[in-house]
Each structure stands twice: as C-alpha cells, then as structure tokens.
Amino acid sequence: MLSRRMLSHEEEAQIGEEKEVRKEDQDRINRFSRLHSRGKGVEEELKVKEKEKEDLEEISTELELADEDDKVPYKIGDSFFSLPVSEVQELLSQSVERINGDVTTLEEKLSGLREEMQELKAALYGRFGRSINLEA
C-alpha cells in the first residue's frame, strides 16, 4: 500500500524544478500503465492455469489408486462420460501437457511485458527522477 505524505524541504530541493511533461513522456507513462494492467491480467491468468494444473495432477494421483477395470466419469465440454481409468489418465496427462504449454506461453508474455516496463521505467526515471512514482 502506498503511503501519501508531504515531501520534506530536502526532498523538494533534490527533486528541483518541475519538468514539463512532453507528449512523448505522456505516451510513455500511458504505455507503462497499459503494460502494468496487462501484466496484472496475465499474472491472474497464470495463477488460474497453475491451480488447474495442480488439480489435474491431484486427480491423476487419486486415479492411480483406482481399479483398472473401473469406469470413472470424465467431463468433456458440458457432459460427463464413463471411461476406463487408463483412458482417463491419458486424457488427464494430455490436459496437463496442454496447460504446461499455456503456462510457458504466459510466462514468456509476462517476461516480455516486464522487460518493456523496465525500459520505460528507466527512461521516465531518467527524465523525471523522484518526481514520478512508477512502483505498483
């Protein structure tokens, strides 16, 4: 949580004179804001995928205890089908592999967003110093 406080005279002196915000500066600030919002969305999506993967792995572990001759309900779309345990385990492993691919893609996307945000931060802090706060 950000705390709001007035600057001391020393801090004001360090900041110096206020700099004019040019159009390109405002564009960078806006770009940073959009990247930050997009990054938060990707982080949430990543958490959901990791939870889904964890749940599927837990189900796979539980199915290892089931008898091979049993049929278990498996959800495909909006319907449940009774399938043999071995087939369900295969479907679960395919789902886990798909989710692993999704997680990798999301992590790469998040990494790219953070990289661009760091570049924008460096440029904006270089121009405005302590008079701008880009910490979330």
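Coordinates for the structure precede this section.
Residues numbered from 1 in each chain as written. Predicted model: local features only at pLDDT ≥ 70, side-chain atom pairs only at ≥ 80, totals over all residues. Heavy atoms only, no water.

A. Molecular detail of the overall build of the protein chain. Across its full length, the protein chain holds three helices and two strands. Listed by position from the N terminus, the elements making up the protein chain come as α-α-β-β-α. Here the protein chain holds 136 residues, and 23% of them are scored as buried. Of all intrachain contacts in the protein chain linking residues separated by at least 6 positions in sequence, the fraction that spans at least 24 positions is 63%. (Helix = DSSP H or I, 4+ residues; strand = E, 2+ residues; numbered from the N terminus. Buried < 20%, exposed > 50% of the residue type's maximum accessible area, 1.4 Å probe, protein only. Contact = heavy atoms within 4.5 Å.)

B. Quick look at the packing of aromatic side chains. Applying the stated rule across the entire model yields zero aromatic pairs. One residue, Arg127, lies across the ring of Phe128, its end atom 5.3 Å from the ring centre. (Phe/Tyr/Trp six-rings, centres within 6.5 Å; stacked < 30°, edge-to-face > 60°. Lys NZ or Arg CZ within 6 Å of the ring centre and 35° of its normal.)

C. Spatial organisation of the pattern of salt bridges. Scanning the entire structure with this criterion turns up 11 salt bridges. Measuring nitrogen to oxygen at the nearest pair gives 2.7 Å for the salt bridge that ties Arg127 to Asp25. Pair noted here: Arg127 is in helix H3 (residues 85–128) and Asp25 is in helix H2 (residues 23–63), with a separation of 102 residues, a long-range link. Residue classification places Asp25 among the buried positions, given a relative accessible area of 0%. Its salt-bridge partner being Asp55, residue Lys51 comes within 2.9 Å of it at the nearest N-O pair. Pair noted here: Lys51 and Asp55 are both in helix H2, with a separation of four residues, about one helical turn. Sharing partners across several salt bridges, the network here consists of Arg22, Glu24, Asp25 and Arg127. (Salt bridge = Lys/Arg side-chain N within 4 Å of Asp/Glu carboxyl O.)

D. Focus on a negative patch on the surface. Together, Glu54, Glu57, Glu58 and Glu62 make up a region of like negative charge exposed at the surface. Position of Glu54 relative to the elements: it lies in helix H2. By relative accessible area, Glu54 is classed as partly exposed at 47%. (Patch = residues over 30% accessible without salt bridge, like charges linked within 9 Å, V, L, I, M, F, W, Y side chains within 5 Å. Areas by Shrake-Rupley, 256 points an atom, 1.4 Å probe, with all protein chains shown as cover. Lys, Arg positive; Asp, Glu negative; His and termini not counted. Charge placed at Lys NZ, Arg CZ, Asp CG, Glu CD.)

E. Examining the pairing of strand E1 (residues 71–76) more closely. Of the pairings in the sheet, the one linking E1 to strand E2 (residues 79–84) comprises six bridges and is antiparallel in character. What sits directly across from Lys71, in E2, is Pro84. Between E1 and the antiparallel strand that follows it, E2, lie two residues; Gly77 among them carries a positive phi value of about 70°. (Pairing = 2+ DSSP bridges.)

F. Quick peek at the nonpolar core. In terms of nonpolar packing, the biggest core is built from 24 residues, with Leu63, Val88 and Leu92 touching the most fellow members. No other element matches H3, which puts 13 residues into this core. (Core = buried A, V, L, I, M, F, W, Y, C linked by side-chain atoms within 4.5 Å.)

G. Broad picture of H3. In a regular helix each residue adds 1.5 Å, so 44 residues correspond to 64 Å; H3 covers 62 Å between its end C-alpha atoms and thus fits that length. Once H3 finishes, Gly129 follows within two positions and takes phi at roughly 60°, a positive value. (Expected span 1.5 Å × (residues − 1).)

H. Just the environment of Glu107, in detail. The residue Glu107 is located in helix H3 in this model. Once the C-alpha coordinates of Glu107 and Leu46 are considered, the two residues, 61 residues apart in sequence, prove to be 7.6 Å apart. If near-sequence neighbours (up to four positions away) are discounted, Glu107 is found in contact with Leu46 and Glu50.

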